[in-house]
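One letter stands for each residue in the lines below.
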Amino acid sequence: MSGLAKTAVLAEEGGNNQNRKRSLHITEQCNNKRTKSDDMSANEKKSNFSLLNPHSNGSVKMTSSSMNKPGAATKKLVIKNFKSKPNLPENYQETTWSKLREAVIAIQTSKAIAYSLEELYQAVENMCSHKMASQLYVNLTNLVEAHVKANIEQFLSESMDRQVFLKRMDDCWRAHCHQMIMIRSIFLYLDRTYVLQNPSIHSIWDMGLDLFRHHIAMNTLVQTRTVDGLLLLIEREREGDAVDRSLLKSLLRMLSDLQIYEEAFEHKFLLATERLYAAEGQRLMSELTELAVPQYLAHVEKRLREENERLLHYLDPSTKWQLIHTIERQLLSEHLSGILDKGLKALMDGPRLADLTTLYGLFGRVKDGLVELCKHFNAYIKKKGRTIVIEPERDKTMVAELLDFKEQLDHVVTTCFQRNDKFLYSMREAFEYFINQRQNKPAELIAKFVDVKLRAGNKEATEEELERLLDKIMVLFRFIHGKDVFEAFYKKDLAKRLLVGKSASVDAEKSMLSKLKQECGGGFTLKLEGMFKDMELSKDINITYKQHLSAVAEGGGLELSVYILTMGFWPTYPPVEVRLPVELTRHQEHFTKFYLAKHSGRKLQWQATLGHCVLRAHFTQGKKELQVSLFQALVLLLFNDGDNLSFEDIKTSTNIEEGELRRTLQSLACGKARVLSKAPRGREVHDDDHFAFNGDFTNKLFRIKINQIQMKETSEEQKATEERVFQDRQYQIDAAIVRVMKMRKALSHNILITELYNQLKFPVKPADLKKRIESLIDRDYMERDKDNPNQYNYVA
């Protein structure tokens with residue numbers, strides 16, 4: 001039965017002290033009967049716990065397995081309550097509290113405790129068990145309060161140094177916390193029973209905080225001196241002095257624990273911070289120069305870093321947003337325009353990528369910072385770009401400068417501005433604005449820049465580099481409004497490259513054509529593609545013509561290659577009448593007869609200005625081949641019949657236009673390859689000059705190319721090209737007006753103008769549109785409405 005009795009003890013252990021004592025009493029009775037149970041068999045010693053059932057009268061009926069056997073007598077063990085409760089000793093409460101009070105005072109005075117902590121803990125538990133918890137809590141509170149009140153005196157001295165005051169306050173706080181931890185460990189049972197059962201009262205730790213807050217921290221003088229001392233330490237640290245950060249951390253943690261951090265400290269701290277940085281921002285901005293902006297940005301970054309360190313080391317995290325926002329507002333938000341006005345140009349001109357990255361990062365922290373930066377970025381691009389485009393003396397380098405400028409800006413946006421879409425759009429808008437400030441000229445110069453890069457003489461770049469350059473040029477091309485001006489000049493230069501054989505690469509030419517087609521559509525490149533097609537067809541015609549000459553035994557030692565150009569595809573060339581040698585005239589007539597026999601109904605018009613020849617010449621040094629223009633060839637062939645000719649003789653014999661003849665003679669007699677000698681000597685050709693064949697001419701090359709002196713494109717020629725563009729635009733405007741009116745039948749003036757703006761791809765003024773409308777009315781394509789003069793009707 002001893003095993004069964006032990007189980008009963010475990011089952012009753014959750015009860016009160018009387019139950020515990022009763023269980024122990026049961027164990028003793030069972031032990032007295034151990035002799036009898038020893039005589040039981042092994043089977044009888046096995047207890048059956050399944051029939052352990054408590055009864056309402058407190059007795060427990062227990063049946064062993066042997067009781068289930070037939071004939072076995074039922075045995076009962078009855079457990080009864082004590083007849084009376086044990087009595088507490090007299091004056092138990094006073095005696096126990098006296099012991100506890102002595103221990104608390106020992107803790108508060110840093111003396112040794114006379115009793116063990118286990119004994120004190122048991123005393124608290126006993127008092128709580130005997131319903132003395134309420135009085136115990138009140139006594140403890142009064143004892144702690146008395147001690148806290150006694151500590152206030154040390155802080156009321158007016159002559160105390162601030163540093164000493166803060167140190168004493170920190171010592172007092174640390175001691176109070178240590179004492180409350182010790183006290184709570186003794187009164188833990190009170191904290192976990194009585195306090196938990198009464199939500200209206202503080203826990204022992206919170207009670208200690210509340211008393212410290214009420215009697216010390218909330219004292220007006222103490223709080224003022226504490227907060228002022230903390231602010232002074234932080235101010236000194238901001239000025240660069242070393243301070244005790246552990247002291248700051250401890251005291252600020254005290255304010256947080258006492259829940260007066262925001263009320264007592266944070267508000268004053270933020271006001272002091274705002275005053276400090278407002279004054280600092282005004283002072284630095286008044287001293288700020290263009291070159292000092294990077295230093296200012298570095299200073300702002302340094303200040304932000306320092307304040308984040310303070311947050312990390314001793315300030316409460318709840319202060320972070322307001323603190324950082326105050327610094328950003330006073331050092332950045334208040335001075336956005338000033339910083340950008342004084343510093344952005346210098347940073348962009350560098351470009352100073354690290355400083356621009358810092359600028360973007362800082363401006364991204366404040367409201368409207370990036371908006372303001374983007375606005376100034378746009379203004380900078382427009383101002384600098386307009387300077388490049390507007391100044392005529394920079395025409396020679398305009399396109400190269402624009403390409404470099406665009407590449408620099410792309411690098412800045414990518415590296416420093418994180419490819420922000422707003423900055424990319426702003427950059428495109430600025431380029432489109434300034435590049436069209438000077439009408440037509442940028443389009444013309446871009447076309448000429450492409451011509452230079454695609455000429456055979458350009459050895460600056462490999463094919464891959466040339467392809468990348470063309471891509472960059474296409475970016476500039478997109479910004480141009482008058483793309484037809486580009487087309488006119490590009491077509492003229494392309495014609496020269498194709499006809500004179502100066503194109504660097506057919507692949508590069510076709511690549512550029514493909515880019516233009518992709519950008520502007522097939523209609524834009526139709527004529528340019530037609531030029532390439534004419535060149536390919538001309539090759540086939542020349543092969544057929546040579547076969548024809550072989551069949552009829554013609555040629556006479558002269559090879560003739562002809563380019564057949566479709567007039568609508570190529571630039572308009574003025575007809576020039578010159579006197580050709582009889583042999584050349586005969587070949588021309590023979591080719592004309594051959595071509596018209598194959599293509600009846602067509603008309604051939606020979607263009608002497610585009611011709612070039614290869615002549616064999618005999619010099620003292622030996623035979624040479626001279627690669628010359630047709631005009632140069634006509635002049636040189638005259639010296640087969642005479643050694644000395646005057647300017648007038650040559651002019652009469654060739655019928656070449658006077659200005660063209662002077663440039664031709666200058667290239668032959670005054671250039672690098674002087675196959676003619678001029679008398680008198682000089683760079684310019686005059687009417688009384690005489691020319692003779694220079695038989696002593698020497699050159700290490702067998703085939704020598706004599707470049708013709710190119711006449712600089714005159715303003716008249718440029719105006720002629722622009723006039724052709726203007727005429728083409730007029731035709732396009734007329735076609736657009738008729739197209740819209742034919743579809744809509746009747747339209748008001750304003751709606752018609754709006755429709756035309758949507759359809760036309762070049763810049764046009766309302767006055768120009770009005771003139772074309774009047775012209776179409778005069779030609780009976782449309783008419784004004786009789787009832788409403790502001791409305792037009794289409795005339796079918």
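Note that this is a predicted model, so its numbers are computed, not measured. (Residues numbered from 1 in each chain as written. Predicted model: local features only at pLDDT ≥ 70, side-chain atom pairs only at ≥ 80, totals over all residues. Heavy atoms only, no water.)

Participant: Is there a simple way to explain the overall build of the chain in this structure?
Facilitator: The number of helices and strands found in the chain is 33 helices and 11 strands. For the chain, the residues scored as buried account for 42% of the 796 residues in total. (Helix = DSSP H or I, 4+ residues; strand = E, 2+ residues; numbered from the N terminus. Buried < 20%, exposed > 50% of the residue type's maximum accessible area, 1.4 Å probe, protein only.)

Participant: Even after reading the chapter, I still don't get the sheet that holds strand E7 (residues 690-693), so can you show me in this structure?
Facilitator: Strand pairs in the sheet, formed through backbone hydrogen bonds, run parallel or antiparallel to each other. Pairing within the open sheet is antiparallel, and its 3 strands lie in the order E5-E7-E6. Looking at strand neighbours, the two that pair on one side only are strand E5 (644-646) and strand E6 (676-679), the edges of this open sheet. Across the sheet, the axes of successive neighbouring strands diverge by a mean angle of 25°, strand direction being ignored. Relative to E7, E5 runs antiparallel, the two being bridged by 3 bridges. Across the sheet, residue Leu-645 finds its bridge partner in E7, namely Phe-691. The strands that helix H29 (residues 647-654) touches are E5 and E7; relative to E5, the one it contacts most, it runs at about 85°. Its contacts with the sheet place helix H30 (residues 658-669) against E6 and E7, and it is angled at close to 110° to E6. (Pairing = 2+ DSSP bridges. Axes fitted to C-alpha atoms, helices over the stretch in contact; angles between N-to-C directions. Contact = heavy atoms within 4.5 Å.)

Participant: Where do I start with the packing of helix H19 (residues 369-390) against helix H21 (residues 421-435) in this structure?
Facilitator: The description of two packed helices rests on the angle between their axes and on the distance between the axes. Across the interface, H19 lies against H21 with an axial gap of 9 Å and an inter-helix angle of 25°. The orientation of H19 relative to H21 falls into the category roughly parallel. Both H19 and H21 take part in a crossing whose hand is right-handed. Contacts from Leu-370, Leu-373, Cys-374, Phe-377, Asn-378, Ile-381, Lys-382, Gly-385, Arg-386 and Val-389 in H19 reach Lys-422, Phe-423, Ser-426, Met-427, Glu-429, Ala-430, Phe-431, Tyr-433, Phe-434 and Ile-435 in H21. (Parallel < 35°, antiparallel > 145°, perpendicular 65-115°, else oblique. Left-handed = near helix turned anticlockwise from the far one by under 90°.)

Participant: I tried to follow the environment of His-411 on my own but got confused; where do I start?
Facilitator: You can see His-411 is positioned in helix H20 (residues 398-415). A residue is classified by how much of its surface remains accessible, and His-411, at 41% relative accessible area, is partly exposed. Each C-alpha atom of the pair His-411 and Leu-353 lies 8.9 Å from the other, and the pair is 58 residues apart in sequence. Ignoring sequence-local partners within four residues, the contact set of His-411 consists of Leu-353 and Cys-416.

Participant: Explanation requested: the nonpolar core in the structure shown.
Facilitator: Of all hydrophobic cores here, the largest spans 153 residues; its most connected members are Phe-187 and Phe-265. Other than its neighbours up to four places away in sequence, Phe-265 contacts Val-227, Leu-230, Leu-231, Ile-234, Leu-252, Leu-255, Ile-260 and Leu-315. (Core = buried A, V, L, I, M, F, W, Y, C linked by side-chain atoms within 4.5 Å.)

Participant: How should I be thinking about the pairing of strand E4 (residues 622-629) in this particular structure?
Facilitator: Moving residue by residue along a regular strand, the side chains alternate between the two faces of the sheet. Strand direction decides the pairing type here: strand E3 (residues 612-619) and E4, joined by 8 bridges, are antiparallel. When the sheet's bridge partners are listed, Phe-619 is paired in E4 with Gly-622. Here E3 hands over to E4 after 2 residues, the two strands then running antiparallel side by side.

Participant: Would you take a moment to explain the sheet that holds E4 for this structure?
Facilitator: Spatially, E3-E4-E8 is the arrangement adopted by the 3 strands of the open sheet, whose pairing is mixed. Bordering the open sheet on either side are E3 and strand E8 (703-705), each of which pairs with just one other strand. In this sheet, neighbouring strand axes are inclined to one another by 25° on average, regardless of whether the strands run parallel or antiparallel. In this structure, E4 lies alongside E8, joined through 3 bridges in parallel fashion. Counted as the bridge partner of Glu-625 is Arg-703 from E8. Contacts from helix H28 (residues 630-637) reach E3 and E4 within the one sheet, and its direction differs from that of E4 by about 135°.

Participant: Hey, could you run me through the pattern of salt bridges in this one?
Facilitator: A side chain with one charge may pair with a side chain of the opposite charge, provided their charged atoms come close. This structure, assessed with the given rule, holds 45 salt bridges. Put simply, Glu-444 and Lys-441 hold a salt bridge, and the shortest N to O gap is 3.4 Å. Separated by 3 residues within a single helix, Glu-444 and Lys-441 lie in helix H22 (residues 441-454), roughly one turn from each other. In this structure Glu-444 comes out as buried when scored by relative accessible area, which is 0%. (Salt bridge = Lys/Arg side-chain N within 4 Å of Asp/Glu carboxyl O.)

Participant: How do you make sense of the side chain of Asn-378 when you look at a structure like this?
Facilitator: Residue position: Asn-378 is located in helix H19. In terms of polar contacts, Asn-378 uses its side chain to reach the backbone carbonyl oxygen of Ser-426, at 3.0 Å. With near-sequence residues (within four places) excluded, Asn-378 lies in contact with Ser-426, Glu-429 and Ala-430. (Polar contact = N/O pair within 3.5 Å; in protein donor to acceptor, adjacent residues only side chain to side chain.)

Participant: How do you make sense of the side chain of Arg-497 when you look at a structure like this?
Facilitator: Along the polypeptide, Arg-497 turns up in helix H24 (residues 483-500). Apart from residues no more than four positions distant in its own chain, Arg-497 is found in contact with Asp-451, Leu-454, Arg-455, Tyr-490, Lys-502, Ser-503 and Glu-509.

Participant: Help me understand the packing of aromatic side chains in this model?
Facilitator: Taken as a whole and judged by the stated rule, the model has 25 aromatic pairs. On the basis of an interplanar angle of 55° and a centroid distance of 5.7 Å, the ring pair of Phe-377 and Phe-423 is categorised as tilted. Placement of the pair is Phe-377 in helix H19 and Phe-423 in helix H21, with a sequence separation of 46 residues. Judged by relative accessible area, Phe-377 falls into the buried class, the value being 0%. Note on Phe-423: relative accessible area 1%, which makes it buried. Among the aromatic residues, ring-to-ring pairing joins Tyr-380, Phe-405, Phe-431, Phe-434 and Phe-479 into one connected group. The ring of Tyr-115 carries Lys-99 above its face, with NZ or CZ at 5.4 Å from the centroid. Geometry around Tyr-490 places Arg-497 over its ring, the cationic atom sitting 5.5 Å from the centre. (Phe/Tyr/Trp six-rings, centres within 6.5 Å; stacked < 30°, edge-to-face > 60°. Lys NZ or Arg CZ within 6 Å of the ring centre and 35° of its normal.)

Participant: Help me understand helix H25 (residues 506-520) in this model?
Facilitator: Over its 15 residues, H25 runs 21 Å from end to end, which matches the ideal 21 Å to within 8%, given 1.5 Å per residue. Against H22, helix H23 (463-479), H24 and helix H26 (522-552) lie the buried residues of H25. Where H25 begins, the side chain of Ser-505 points an oxygen toward the backbone nitrogen of Asp-507, at a separation of 3.2 Å. Following H25 by one or two positions, Gly-521 adopts a phi angle in the positive range, close to 95°. (Expected span 1.5 Å × (residues − 1).)

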